[in-house]
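Residue-level listing of the chains:
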Amino acid sequence: MRRDDCPECLRLWREYADATSTHIGLDSKLRLATLEWDLPSIELLTPEVEAAGARRTFYREAFRKHVATAHKADAETNEYGGDIRKEDGPN
Ligand SMILES: [Zn+2]
């Protein structure tokens with residue numbers, strides 16, 4: 001199965017994209033709160049930013065692992081999947 005019509009790829013990628021935009025949004029709110037010395041907001045936002053960051057990392061890894069296992073065959077000939085074998089090069 002190709003990755004672009006794999007429902008699991010789509011699902012994991014959407015979760016990752018959503019987690020990323022949530023994380024970026026919360027992080028910029030926290031930066032603003034920090035600049036304004038807004039302690040209640042900093043206290044409220046800090047754990048949320050951490051949770052959103054953890055969710056983002058989780059889905060990035062889940063997506064990477066899914067591609068590396070479910071699409072192992074084409075991962076070797078594509079730019080992502082982490083198992084690309086190079087014919088030449090110093091390493
Ligand atoms: Zn897939």
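Residues numbered from 1 in each chain as written. Predicted model: local features only at pLDDT ≥ 70, side-chain atom pairs only at ≥ 80, totals over all residues.

Remarks on the overall build of the protein
Okay, step 1: A count of helical and extended segments in the protein gives 3 helices and 0 strands.
Okay, step 2: Ordered by position from the N terminus, the helices and strands of the protein form the series α-α-α.
Okay, step 3: Within the protein, the fraction of its 91 residues that count as buried is 11%.
Okay, step 4: For the protein, long-range pairs separated by at least 24 residues make up 48% of all intrachain contacts whose partners lie at least 6 apart in sequence. (Helix = DSSP H or I, 4+ residues; strand = E, 2+ residues; numbered from the N terminus. Buried ≥ 20, exposed ≤ 12 C-beta atoms within 10 Å, placed from the backbone. Contact = placed C-beta atoms within 7 Å.)

With respect to unusual backbone geometry
Okay, step 1: Its identity as a non-glycine residue notwithstanding, Trp37 has a phi of 55°, on the positive side.
Okay, step 2: Note that Trp37 resides in the loop between α1 (7-35) and α2 (39-70).

Observations concerning the packing of α1 against α2
Okay, step 1: Their axes nearest at 8 Å, the elements α1 and α2 cross at an angle of 155°. By the angle between their directions, the pair α1 and α2 is classed as roughly antiparallel. Considering the relative orientation of α1 and α2, their crossing is left-handed.
Okay, step 2: In the contact of α1 with α2, the residues fall into 17 nonpolar, 8 polar and 8 charged. (Axes fitted to C-alpha atoms, helices over the stretch in contact; angles between N-to-C directions. Parallel < 35°, antiparallel > 145°, perpendicular 65-115°, else oblique. Left-handed = near helix turned anticlockwise from the far one by under 90°. Nonpolar A, V, L, I, M, F, W, Y, C, P; charged D, E, K, R; others polar.)

Re the nonpolar core
Okay, step 1: Judged by nonpolar contacts, Leu12, Tyr16, Ala19, Leu45, Val49, Ala52 and Tyr59 together constitute the single largest core of 7 residues.
Okay, step 2: Of all the elements in the fold, those that place two or more residues in this core are α1 and α2.
Okay, step 3: In terms of residue count, α2 provides more of this core than any other element does, 4 residues in total.
Okay, step 4: Beyond its immediate stretch of four places on either side in the chain, Val49 contacts Leu26, Asp27 and Leu30. (Core = buried A, V, L, I, M, F, W, Y, C linked by C-beta atoms within 7 Å.)

Thoughts on the environment of Ala51
Okay, step 1: Tracing the sequence through the fold places Ala51 in helix α2.
Okay, step 2: On the basis of neighbour count, Ala51 is assigned to the partly exposed category, with 14 C-beta atoms found within 10 Å.
Okay, step 3: Linking Ala51 and Ala19, residues 32 residues apart in sequence, is a C-alpha distance of 9.8 Å.

Details of the environment of Leu10
Okay, step 1: If you trace the backbone, Leu10 turns up in helix α1.
Okay, step 2: Given 12 C-beta atoms within 10 Å, Leu10 falls into the exposed group.
Okay, step 3: With 53 residues separating them in the primary sequence, Leu10 and Phe63 have C-alpha atoms 9.3 Å apart.

Side note on the confidence of the model for the protein
Okay, step 1: Chain-level statistics for the protein give a pLDDT mean of 86 and a share of 78% at 70 or above.
Okay, step 2: Between residues 81-86, whose pLDDT stays under 50, and residues either more than four places distant or in other chains, the model counts 11 contacts. (pLDDT = per-residue confidence, 0-100.)

Points about α1
Think of an α-helix as 3.6 residues a turn; residues three or four steps apart then line up on the same face.
Okay, step 1: The end-to-end C-alpha distance of α1 is 42 Å, a good match for the 42 Å that 29 residues give at a rise of 1.5 Å each.
Okay, step 2: Residues of α1 that are buried: Leu12, Tyr16, Ala19 and His23.
Okay, step 3: The secondary structure elements touched by the buried residues of α1 are α2.
Okay, step 4: Trp37 lies just past α1 and shows a positive phi near 55°. (Expected span 1.5 Å × (residues − 1).)

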